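Okay, here's what each chain looks like letter by letter:
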Amino acid sequence: MTAAARLAALDSLPAEELCNMAELALASLVNVMNEETTLLRAGHMRQAGTLTPEKTRLAQDYVGFARSVQRQSARLKQQAPDAIERLRLGHERLATQMAENLRVLATARMVTEDILTDVAKVVGQQNQAKTYGRAGTITVDPGSSARGIAINRAL
């Protein structure tokens, strides 16, 4: 089936059925994001990472349904106003869950970065030469404090 045929099939679904499918995809996405947030908050990064493929699939499904709902909004508002209102409320729950998820991810990233920076400083201090410079003091090379450790700030 071509992409155009899939879009046409979605757009031609009865109003209530299209809204129910979008609502189911939305609820599933919110649940997976909630599970991911809970795991991240508990410090289970690897377990949270295993949810990424499912979260990606559910997000793609939801976007497809949401676009169909947008294309058919006039028809859906007439034929299924209650279902449209449920979708709107569900979308607000998704926005709330996404904000919480992003907040937890930002905290985890900051903590990880702080830990790596602290480790780099300790490793750098251990590798300092214990010799005196010209002024009779132990010299400190600030460029050597993080030798061998890198922090990926792109995450």
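Per-chain numbering applies: the sequence of each chain, read as written, is numbered from 1 onward. Under the rules for a predicted model, residues below a pLDDT of 70 receive no local features and side-chain atom pairs below 80 are neither given nor counted, while totals for whole chains, interfaces and linings still include all residues. To get the side-chain values, take all heavy atoms of the structure and skip hydrogens and water.

A few words on the pattern of salt bridges. What counts as a salt bridge is simple: a side-chain nitrogen of Lys or Arg found within 4 Å of a carboxyl oxygen of Asp or Glu. Scanning the entire structure with this criterion turns up 9 salt bridges. Note that Glu100 is salt-bridged to Arg41, the shortest N-O span being 2.2 Å. Pair noted here: Glu100 is in helix H6 (residues 81-126) and Arg41 is in helix H2 (residues 15-41), with a separation of 59 residues, a long-range link. Here Asp61 and Arg57 are joined by a salt bridge, their closest N and O atoms 3.2 Å apart. With Asp61 and Arg57 both in helix H4 (residues 52-71) and 4 residues apart, this pair spans about one turn of that helix. Three labels apply to residues, based on accessible area from a 1.4 Å probe with only protein chains included: buried if under 20% of the type maximum, exposed if over 50%, partly exposed otherwise in between. Residue Asp61 is classed as partly exposed on the basis of its relative accessible area, which comes to 33%. Here the salt bridges share partners, and the residues they tie into one network are Glu16, Glu23 and Arg86. Under the DSSP-based scheme used, a helix requires at least four consecutive residues in state H or I and a strand at least two consecutive residues in state E, with every element numbered from the N terminus.

Here helix H1 (residues 3-11) crosses H4 at 60 degrees, and the two axes come no closer than 9 Å. On the basis of their axis angle, the class for H1 and H4 is oblique. Judged by the sense of rotation from one axis to the other, the crossing of H1 with H4 is right-handed. Residues Leu7, Leu10 and Asp11 of H1 touch H4, and the partners they reach there are Gly64, Phe65, Ser68 and Arg71. Residues are grouped as follows: Ala, Val, Leu, Ile, Met, Phe, Trp, Tyr, Cys and Pro are nonpolar; Asp, Glu, Lys and Arg are charged; every other residue, Gly included, is polar. Grouping the constituent residues of the contact of H1 with H4 by class yields 3 nonpolar, 2 polar and 2 charged. Inter-axis angles, ranging from 0 to 180 degrees, are taken between N-to-C directions of lines fitted to C-alpha atoms, where helices are fitted over the stretch in contact. Orientation categories follow fixed angle ranges, with anything under 35 degrees roughly parallel, anything over 145 roughly antiparallel, 65 to 115 roughly perpendicular, and all other angles oblique. Left-handed describes a crossing whose near helix is turned anticlockwise from the far helix through less than a right angle; right-handed describes the clockwise counterpart. Should any heavy atoms of two residues lie within 4.5 Å, those residues are considered in contact.

Attention shifts here to H2. A helix is expected to span 1.5 Å for every residue after the first. For H2, built from 27 residues, the straight-helix expectation of 39 Å at 1.5 Å per residue is met to within 8% by its first-to-last C-alpha distance of 39 Å. Phi turns positive, to about 85 degrees, at Gly43, one or two residues after H2.

An α-helix turns once every 3.6 residues. As a result, residues three or four positions apart point the same way. Helix length check: H4, at 20 residues, gives a terminal C-alpha distance of 28 Å against a target of 28 Å (1.5 Å per residue), a fit within 8%. Along H4, the residues that are buried comprise Lys55, Leu58, Tyr62, Phe65, Ser68 and Val69. The arc that holds every buried residue of H4, seen down its axis, measures 155 degrees, which confines them to one face. Facing away from the buried surface of H4 by more than 90 degrees, the exposed residues are Pro53, Gln60, Arg67 and Gln70. Read the arc as the range of directions from the helix axis to the C-beta atoms.

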